[in-house]
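Breakdown of the fold
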Amino acid sequence: MLATPAKWLVAFVPLLSPPTQYELLPSANTPAGSPKRRAYSVQRTCHIISVRRRLRTCLIVLSLLVGSAIAAFFYVLSIPLPPLYSRFHEAELGLPQHNALLSAPEGKDGKYLWIANHASKCGWGNAMQELFLNAYLAYRTDRAFVFDNYTWSRGESDYSLYNLKPIPSRIPLTAFMRGPIVGGEFPPGDAAPRSVTPEYFYEVCPNRTIIGSYTVNDALVDPSAEALVQAWADKMAPHRCVEIEQSPPEIFDEHVFADADRLLDVWPHFSQSPIVQNFSWSTLVELAFDNNREVISPASPFDPPLSAEPFSKGLRRYTSIPGLLVLHIRRGDFKGHCYDVLASRSIGYTGFNSFPSLPDHWDLPADISEHQKRALYTEHCFPDIDTIVQRVEDVRASPAGQGLSHVYVMTNGSPSWVSKLKAALQAKHDWAHVASSRDLMLNPEQKYIAQAVDMLVAQRAQVFVGNGVSVLLPFCYFPRFRAVAEIRGETRAAD
């Protein structure tokens, strides 16, 4: 039926179909009122009526399709275009280390690492965990890290469509964060070269060495993160300027981050490096926190704003807010991710969410039915409101939950669903205050980095309850891991 337009038309409009049997036309000898003439006239009339109905249906369907397309077009045009963060781009290009005359380990004699195949078209949590380890690889190999934008699309357009709404194709990392990853100073006594932009890298490295990541990664069998760091250090040693070819796989791919046995061996040194310890959120993120402090958790009039804390303190700036419970509840398209991706592959908590020191662990039994598996993934990955409320009650009854009075829900859930969750929490316990991501007042630039604002709120919680299958979770408890012992066997972490 769909082979050619002509065949479609013939099949749809019977008038054009070649008849297999011909009706005899009335002859001159056939009386006008004979049964044959009357039968022919009735048949022809019904045939015409049927064709007209089909044509009318076609026109109605076509009109609806055209109307919908026009409505969608004008709907997209009516949405304001997002900001492009030009002031952040300009600030990055003007970093003082973009000077070829500087002495080594910077300038024209310095060593550089540009990982051009970094993750794109993924959520901020996925991009952030890869970004940290890429920067750590540069730090371990005494190279200046070349940092790029948070990238949704590498195409020429400044805008992309997501759920029929325009979003920035690229957001400069300095809109999210400060610190050594994005060109900030390393702590005193650390001579590591500062990070630079790709524009400066191409200027100072006209004769760079381009390496495909497969040349190292494919030669190893399920390597750990530390094994990858060592292998890449050896591969890059003879070269001053290294560019990783823009082709898969990523150096640290999703399989490394999903497997605690492969990921956590890098943690002891990584967690204490300036890449982690000297990280801070950007002024844009912290301003959103300060402006919404009364929404998140009403403060004492004597509490100073976060922006008053010295930047040099890094992660230590993010002290706990007494009484604040933060819940990380993913909704929306995460349901499909839980059941269609994680459950089908029997994937449990991600690598950074599998520390032995964390209170919750999940070992998926091997011999369970599909019904039992779905129930487990509902509980751990996509819990309903009753399960969430009961979990909160369990936390309140624990020693860590004493004194909790305010709840903040990090979520992408619909406003109606969030309202139901709030009502259920209040019905179970008389909370002084319950708020969510949906309650934040953000300016246009803050709107597209809202996940970072939520992560900052989580870092300030007295108690944080996260989703163990989410890659966003580890960065919400980084400040709490200040004293880390041996990862294998017993691991201790303290505030």
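An account of the accompanying structure is given in this report. The model shown is predicted, which means the values in this text are computed figures rather than measured ones.

Notes on the packing of helix 4 (residues 124-140) against helix 7 (residues 225-236)
The N-to-C vectors of helix 4 and helix 7 enclose an angle of 50°; their axes lie 10 Å apart at closest approach. Relative to helix 7, helix 4 is oriented oblique. Remark: the crossing between helix 4 and helix 7 carries right-handed chirality. Contacts between helix 4 and helix 7 involve Tyr136, Leu137 and Arg140 on the former and, on the latter, Glu226, Val229, Gln230, Trp232 and Met236. Among the residues forming the contact of helix 4 with helix 7, the class breakdown is 5 nonpolar, 1 polar and 2 charged.

Focus: the state of the cysteines
Enumeration over the complete set of coordinates arrives at 1 disulfide. Through a disulfide, cysteine 205 is tied to cysteine 241; the S-S separation comes to 2.0 Å. On the S-S bond that ties cysteine 205 to cysteine 241, the torsion sits near -60°, and the link is left-handed. Within this pair, whereas cysteine 205 is found in the loop between helix 5 (198-204) and strand 8 (209-211), its partner cysteine 241 is found in strand 9 (residues 241-244), the two being separated by 36 residues in sequence.

Let's talk about the packing of aromatic side chains
Scanning all chains against the criterion turns up 15 aromatic pairs. With centroids separated by 6.5 Å and ring planes inclined at 65°, the aromatic side chains of tyrosine 112 and phenylalanine 201 adopt a geometry described as edge-to-face. You can see tyrosine 112 sitting in strand 1 (residues 112-115) and its partner phenylalanine 201 sitting in helix 5, a full 89 residues away along the chain. For tyrosine 112, a relative accessible area of 1% puts it in the buried group. Geometrically, the ring pair formed by phenylalanine 279 and tryptophan 281 is edge-to-face, given 4.9 Å between the ring centres and 80° between the ring planes. Both residues of the pair, phenylalanine 279 and tryptophan 281, belong to the buried class. Against the face of tryptophan 431 rests arginine 396, its NZ or CZ located 5.9 Å from the ring centre.

A few points about the side chain of serine 280
Within the secondary structure layout, serine 280 lies in strand 10 (residues 280-281). Excluding residues that lie within four positions of it along the chain, serine 280 makes contacts with Met177, Arg178, Phe311, Gly314, Arg317 and Tyr318.

Some words on a nonpolar patch on the surface
On the surface, a nonpolar cluster with roughly 260 Å² of combined accessible area is contributed by Leu62, Val66 and Ile70. You can see valine 66 is positioned in helix 2 (residues 35-78). Among the residues examined, valine 66 registers a relative accessible area of 42% and is labelled partly exposed.

Some words on the environment of proline 223
Here proline 223 is to be found in the loop between helix 6 (214-217) and helix 7. With 29 residues separating them along the chain, proline 223 and phenylalanine 252 place their C-alpha atoms 9.9 Å apart. Sequence-distant contacts of proline 223, that is, excluding residues within four places in its chain, are made with Leu228, Val256 and Arg262.

Regarding helix 16 (residues 385-397)
The terminal C-alpha atoms of helix 16, which comprises 13 residues, lie 19 Å apart, in line with the 18 Å expected from a rise of 1.5 Å per residue. Every buried residue of helix 16 is accounted for by Ile385, Ile388, Val389, Val392, Glu393 and Val395. Along helix 16, the residues classed as buried sweep out an arc of 160° about the axis, all on the same side. In this structure, helix 16 carries Asp386 and Ala397 as exposed residues pointing more than 90 degrees from its buried face.

Considering the pairing of strand 11 (residues 321-329)
Counting buried positions along strand 11 gives 8 out of 9 residues, so the element sits mostly inside the fold. Across 4 bridges, strand 11 lies against strand 14 (residues 461-465) in parallel orientation. Pairing of isoleucine 321 across the sheet is with alanine 461, part of strand 14. Of the pairings in the sheet, the one linking strand 11 to strand 12 (residues 406-411) comprises 6 bridges and is parallel in character. Across the sheet, the residue bridging to valine 326 is tyrosine 408, located in strand 12.

A closer look at the packing of helix 14 (residues 334-345) against helix 15 (residues 370-380)
Here helix 14 crosses helix 15 at 120°, and the two axes come no closer than 10 Å. Regarding the angle of helix 14 to helix 15, the classification is oblique. Crossing handedness for the pair helix 14 and helix 15: right-handed. Between helix 14 and helix 15, the residues in contact are Cys338, Tyr339, Leu342 and Ala343 and Lys373, Arg374, Tyr377 and Thr378, respectively. When its residues are assigned to classes, the contact of helix 14 with helix 15 shows 5 nonpolar, 1 polar and 2 charged.

What counts, and at which threshold
- Residues numbered from 1 in each chain as written.
- Predicted model: local features only at pLDDT ≥ 70, side-chain atom pairs only at ≥ 80, totals over all residues.
- Heavy atoms only, no water.
- Axes fitted to C-alpha atoms, helices over the stretch in contact; angles between N-to-C directions.
- Helix = DSSP H or I, 4+ residues; strand = E, 2+ residues; numbered from the N terminus.
- Parallel < 35°, antiparallel > 145°, perpendicular 65-115°, else oblique.
- Left-handed = near helix turned anticlockwise from the far one by under 90°.
- Contact = heavy atoms within 4.5 Å.
- Nonpolar A, V, L, I, M, F, W, Y, C, P; charged D, E, K, R; others polar.
- Disulfide = S-S within 2.5 Å.
- Phe/Tyr/Trp six-rings, centres within 6.5 Å; stacked < 30°, edge-to-face > 60°.
- Buried < 20%, exposed > 50% of the residue type's maximum accessible area, 1.4 Å probe, protein only.
- Lys NZ or Arg CZ within 6 Å of the ring centre and 35° of its normal.
- Patch = residues over 30% accessible without salt bridge, like charges linked within 9 Å, V, L, I, M, F, W, Y side chains within 5 Å.
- Areas by Shrake-Rupley, 256 points an atom, 1.4 Å probe, with all protein chains shown as cover.
- Salt bridge = Lys/Arg side-chain N within 4 Å of Asp/Glu carboxyl O.
- Expected span 1.5 Å × (residues − 1).
- Arc of directions from axis to C-beta.
- Pairing = 2+ DSSP bridges.

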